[in-house]
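Here is what each chain is made of, one letter per residue.
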Amino acid sequence: MSGLHLRAISHAFGDNQVLSGVSVYVAPGELVCLLGPSGCGKTTLLRLAAGLEPLQKGQIDINDTLVADGTNSNQLPPEKRGAGLMFQDFALFPHLNVRDNITFGIDSKNSDRRVAWVDEALTSMGLVGYANAYPHTLSGGQQQRVALVRALAPDPRILLLDEPFSGLDVARRAQIRTETLRLVKQSGVATLMVTHDPEEAMFMADRILVMNEGRIVQDGTPVDLYSSPQDAFVAEFFGPVNKFKGTVKARRVETPVGVFNADDYADGTIVNVLVRPEGFRLADADKKPFPMPGDHLNQTTVVLEVDTARPLGRSSYVALKLSSGQIIETRVPGLFLPPPGAQVCVGVNTDQAHVFPIADTP
Amino acid sequence: MSDAKKTLPRIRLNLWSVGALIIALAVAAPLFTVVGIAITDSSDIWTHLYNTVLGLYLERTIILMLGVGIGTLVIGTGTAWLVTMCRFPGSRIFEWALLLPLAVPAYVLAFVVTDQLEYAGTVQSVLRDMFGWTRPQDYWFPEIRSMGGAITVMTLVLYPYVYLLARSAFLEQSVCVLEVSRTLGKTAWGSFFRVAIPLARPAIVVGVTLVLMEVINDFGTVDYFAVQTFTAGIFDVWLNMNSVGGAAQLSSVLLLVVLVLIVTERMARRGRKFHHTSNKYSELPSYQLRGSRAALSFVACATPVLLGFVLPASVLSHYALSFYEETLSADYFSYVANSLTLSASAAFIAVVIGLFLAYAVRLSQGPWVMIAARTASIGYAVPGAILAVGVLWPTGALDQSISWVGNNFGIAIGSVMIGTIVPVIYGYLVRFLALAYGTSEASLGKITPNMDGAARTLGSNPSQALKRVHFPLMRGSLMTAAILVFVDCMKELPLTIILRPFNFDTLATFVYQYASDELLEESALGALTIVGAGIIPVILLSVTITRSRPGNR
């Protein structure tokens, strides 16, 4: 298997264990995202892969060559690994212009071919006019593109992207994400990207590895992760949820928003039912909610009181109030703005409701 | 697939860490040598020294350190506060002019002051003419060649260290802290003593320790003024009593003093990391002074500049103009060439080694390289006299082993080291490496580690990364480092006197010898050249300090 293979990697900074037995495989042409909250060890993993951090435990292969082995001190230095790394702060060389930055890593042996590639990349990334400009005169987006082209210019065996879009303003991100994805996919290189933004990960990745506290929690396609999260952490990481606590009885759990299937859990298990705001379907109290295309609407519906309703443009935010005082946040398409105190009929799309046992109960 | 794995190259010995350790050893060698000689010396001179001169040396050294320490503390801190916080006629000019005395070596000022104040000097002649005195017995005049004179002279040329550090500490202080103090009912003076000084204290302590290191390093002034300090004593025991062992033993005692100074300085530097609670660096409030207060401030700032710089510069210029022919005929140009050769070589090598060390520390993971670099930069605190003792022995030993190897191969090799400029440059390097290392380290610290990562992942090995990324970015700072070392080497006296080859004179040794023989006029051009070179770092420093504060115009 060529590509990037990180096997059973553990790493600690002093007493602080940042990675515990993490394994990652990225195939050539594949883009894998490491997604996790800050401080979960994902950037350390990238630096280990690049050789910027000495490996303590585990093994790293790049294109079937062992480049680092934690059991002995044999580690290939970063300059011999053929790993392109794009830094969060771009790390452009301030004393070199755009062209010199990009051609910095090009080996004189195959320079003609790569210089031709650089010219092409400069054109396709809209940087032609800036070849002689210095980094500090460029906008954030331009710097990002220069950094990306620079990392790809030496024709690396693997590409590592460390929070590639975090330095950019939100308005420009969407466009730059598209451009980046196109260039990376064109290069056909095995790419490992680190981000803390689930939306970004879902947009970019063929596969997402969710990390938490130095471990991989779940590995799957973006759709898998969003629709079948492995645990409450993954579910909550991909967006806000409403939580309802309940006890499993006869393979089912009753909540204030309906009865849910709990086939996987034994009777008496205390569980949390997590429902995304966009998983609710609302209707006037005397009607049944209407399913959206692809929905699996729950069989039970309940009638609840509206607390507040606010328009959000394409959708509406409707907060419902339970008799216990708990507020349920829902998000429904279009304009649906019942007055406070009104009664609405509430259904749930079961695809967006997840049942997890509460960890520390027997 | 595990079968298909290629084997890895064996890990190589890291050039950088090994190099750093060798440099540290080379720098530390003179110090070990001194202590080694002191311990192994079998002559009974120690008992003799202990019973006769040790107490005197200690007493003189302590009085001198106390006097200069207090003097520089008061003048340095006071003037720094005045020019930073108050506005009065000339205050803008004093900001940089107060640094000028730094350009004047203490021994040069000592010669000039003596020349002016002694019996045949300008001041006493004028007094005699005015009052009709004819003999020394007719009036009382302070003896300039005394402890008091040494304290005055050294204070006048060394206070800029304290001024410099105190001023940057005051500039760093957030205006808010001072304003809060005012709103809480403290007067301007109250704020100074209750808020500004405590916040700046670590910086001031660093400044004073640097001054004290210079004080114990001084040889020219104390020798000329016949103040029997430790350094003068080392020279006396070594050259006049002809006892290297005794000199080494005295040096070892002095090294303890040095150690205390180093520890004090390091602790104070660590203490400098006060957290300024506000980062609002708006313009500092400046109290507009008028009338007598403005006049008083003006005099307070003008006096040190006049005595420490304008006086020696003008006297020397006057002499240089009248006697330049004598100076030129006294082989002035060969002294200049010698000084330039020594200082430029030392500056170049120091910067190369300093950069090497700083980069090795950056590359290293463990603590060893850091410890090595720290060791390599303690030389700045060690008096030249001690280094001279320590350098001469290892170079002599090296000489002997080289000729031994040569003899074994049937080649007669004479002295390769002794009698050349190698020992002088070695001594300069040990003493001034810290300057080059510190500057490189600071400059390297401003380059984000991601630059290294980028260069490495783009295929550069550490040396290539240094050449292609760090060096171009550091060029300006390295130039500054070279200039600082260069100028310090130009001024250096005690090391040069001992370690120079026979009949080899630099500007500093030439000035010292002529001026000690009451021939100041003839050597004035030489002294003036040293002062002129010394002004370059003063300009560099004053530019840096005005740039250092965000929000400063």
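Residues numbered from 1 in each chain as written. Chains lettered and ligands numbered in written order. Predicted model: local features only at pLDDT ≥ 70, side-chain atom pairs only at ≥ 80, totals over all residues.

A tally of helices and strands in chain B yields 22 helices and two strands. Taking 24 Å as the expected radius of gyration for a compact globule of 553 residues, we find that chain B reaches 26 Å, a close match to that expectation. Its C-alpha atoms give chain B principal-axis dimensions of about 105 × 70 × 50 Å. Going through the 553 residues of chain B one by one, you find that 46% of them count as buried. Of the contacts formed within chain B by residues at least 6 apart in sequence, a portion of 84% connects residues at least 24 apart. (Helix = DSSP H or I, 4+ residues; strand = E, 2+ residues; numbered from the N terminus. Rg over C-alpha atoms; globule rule 2.2 N^0.38 Å. Buried ≥ 20, exposed ≤ 12 C-beta atoms within 10 Å, placed from the backbone. Contact = placed C-beta atoms within 7 Å.)

For the rest of this paragraph, the subject is the overall build of chain A. When helices and strands are tallied, chain A shows eight helices and 20 strands. For the C-alpha atoms alone, the extent of chain A along its principal axes is close to 75 × 50 × 35 Å. With 362 residues in all, chain A has 43% of them scored as buried.

Glancing now at the nonpolar core. Generally speaking, a soluble globular protein has its nonpolar side chains buried in company with each other. Judged by nonpolar contacts, the single largest core of 264 residues is most densely connected at Ala49(A), Leu192(A), Leu357(B), Phe432(B), Leu433(B) and Val485(B). A total of 16 residues in this core trace back to one element, the largest contributor, which is helix α7 (residues 147-172) of chain B. The two domains that each donate at least three residues to this core are domain 1 (4-237) and domain 2 (242-357) of chain A. Excluding its chain neighbours within four sequence positions, the residues that come into contact with Leu192(A) are Leu4(A), Val24(A), Val26(A), Val32(A), Leu34(A), Leu46(A), Ala49(A), Ile158(A) and Leu160(A). (Core = buried A, V, L, I, M, F, W, Y, C linked by C-beta atoms within 7 Å. Domains from an automatic or database assignment.)

The next subject is the sheet that holds strand β14 (residues 270-275) of chain A. Residues and elements named next belong to chain A. Across the sheet, five strands lie side by side as β13-β12-β11-β14-β20; this open sheet has antiparallel pairing. Of all strands in the sheet, those bounded by a partner on one side alone are β13 (258-261) and β20 (353-357). Along the sheet, successive strands turn relative to each other by an average axial angle of 35°, direction set aside. Pairing of strand β12 (residues 252-255) with β13 involves four bridges; the strand directions are antiparallel. Note on β13: the bridge partner recorded for valine 253 is phenylalanine 260. (Pairing = 2+ DSSP bridges. Axes fitted to C-alpha atoms, helices over the stretch in contact; angles between N-to-C directions.)

Listed per partner, the contact involves 21 residues of chain B and 26 residues of chain A. Taken together, the elements giving at least two residues each to the side of chain B that touches chain A come down to α18 (449-457) and α19 (462-491) of chain B. Among the elements that take part in the side of chain B that touches chain A, α18(B) stands out by supplying six residues, more than any other. Each residue belonging to the side of chain B that touches chain A can be placed in one class, and the counts come to ten nonpolar, eight polar and three charged. (Nonpolar A, V, L, I, M, F, W, Y, C, P; charged D, E, K, R; others polar.)

Here we come to the domain arrangement of chain A. Residue and element names in this part refer to chain A. Its domain assignment divides chain A into domain 1 (4-237) and domain 2 (242-357). Every contact between the two is made by five residues of domain 1 and, on the other side, five residues of domain 2. Taken together, the residues of the side of domain 1 that touches domain 2 sort by class into three nonpolar, one polar and one charged.

Bringing the packing of helix α17 (residues 422-445) of chain B against α19(B) into the picture now. All names here are of chain B. One can describe the packing of α17 onto α19 by two numbers: an axis separation of 9 Å at closest approach and a directional angle of 150°. On the basis of the axis angle, α17 is roughly antiparallel to α19. Once α17 is placed against α19, the crossing between them reads as right-handed. Within the contact between the two elements, α17 uses Tyr428, Phe432, Leu435, Ala436, Thr439, Ser440, Ser443 and Leu444 and α19 uses His470, Met474, Ser477, Leu478, Thr480, Ala481, Leu484, Val485, Asp488 and Cys489. When its residues are assigned to classes, the contact of α17 with α19 shows eleven nonpolar, six polar and one charged. (Parallel < 35°, antiparallel > 145°, perpendicular 65-115°, else oblique. Left-handed = near helix turned anticlockwise from the far one by under 90°.)

Another point: the pairing of β13(A). Burial along β13(A) is one-sided: Gly258(A) and Phe260(A) are buried, while Val259(A) and Asn261(A), pointing the other way, are not. Counted along the chain from β12(A) to the antiparallel partner β13(A), the turn is two residues long.

Before going further, it helps to examine the sheet that holds strand β16 (residues 302-311) of chain A. Residue and element names in this part refer to chain A. The five strands lie next to each other as β15-β19-β16-β17-β18, forming an open sheet whose pairing is antiparallel. Of all strands in the sheet, those bounded by a partner on one side alone are β15 (280-284) and β18 (327-333). The mean angle between the axes of side-by-side strands here comes to 45°, regardless of whether they run parallel or antiparallel.

Another point: α19(B). Given 3.6 residues per helical turn, the α-helix brings residues three or four places apart onto the same face. For α19(B), with 30 residues, the first-to-last C-alpha span of 36 Å runs short of the 44 Å given by 1.5 Å per residue. By the largest-angle criterion, Arg475(B) marks the main kink of α19(B), which is about 60°. (Expected span 1.5 Å × (residues − 1). Bend = angle between axes of the 7 residues up to and from the residue.)

All names here are of chain B. Running from amino to carboxyl end, α7 crosses helix α13 (residues 291-329) at an angle of 115°, the nearest separation of the two axes being 9 Å. Comparing their axes, α13 and α7 come out roughly perpendicular. As α7 runs across α13, the sense of the crossing is left-handed. Contacts from Leu156, Val157 and Tyr159 of α7 reach α13 at Pro304, Leu307 and Gly308. In terms of residue class, the contact of α7 with α13 is built from five nonpolar, one polar and no charged.

Residues and elements named next belong to chain B. With respect to the helices, strands and loops of the structure, glycine 36 is situated in helix α1 (residues 15-40). When the 15 C-beta atoms within 10 Å are taken as the criterion, glycine 36 is described as partly exposed. Each C-alpha atom of the pair glycine 36 and glycine 390 lies 9.5 Å from the other, and the pair is 354 residues apart in sequence.

Moving on, we get to the pairing of strand β6 (residues 83-86) of chain A. All names here are of chain A. Burial along β6 is two-sided: the face carrying Ala83 and Leu85 and the face carrying Gly84 and Met86 are both buried. Sheet topology note: the β6/strand β7 (residues 158-162) ladder contains four bridges and is parallel. Each residue of the ladder has a partner; that of leucine 85, found in β7, is leucine 160.

The subject of this paragraph is the environment of His318(B). Residues and elements named next belong to chain B. Relative to the helices and strands, histidine 318 is located in helix α13. According to the C-beta neighbour criterion, histidine 318 is exposed, with 12 such atoms within 10 Å. Along the backbone, histidine 318 and alanine 524 are 206 residues apart, and their C-alpha atoms lie at a distance of 8.5 Å.

So, about α1(B). Residue and element names in this part refer to chain B. In a regular helix each residue adds 1.5 Å, so 26 residues correspond to 38 Å; α1 covers 35 Å between its end C-alpha atoms and thus fits that length. If you look at α1, its biggest bend is around 40°, right at alanine 28, and the proline proline 30 turns up within four residues after that. Among the residues of α1, Ala20, Ile23, Ala24, Val27, Pro30, Leu31, Thr33, Val34, Ile37 and Ala38 are the ones counted as buried.

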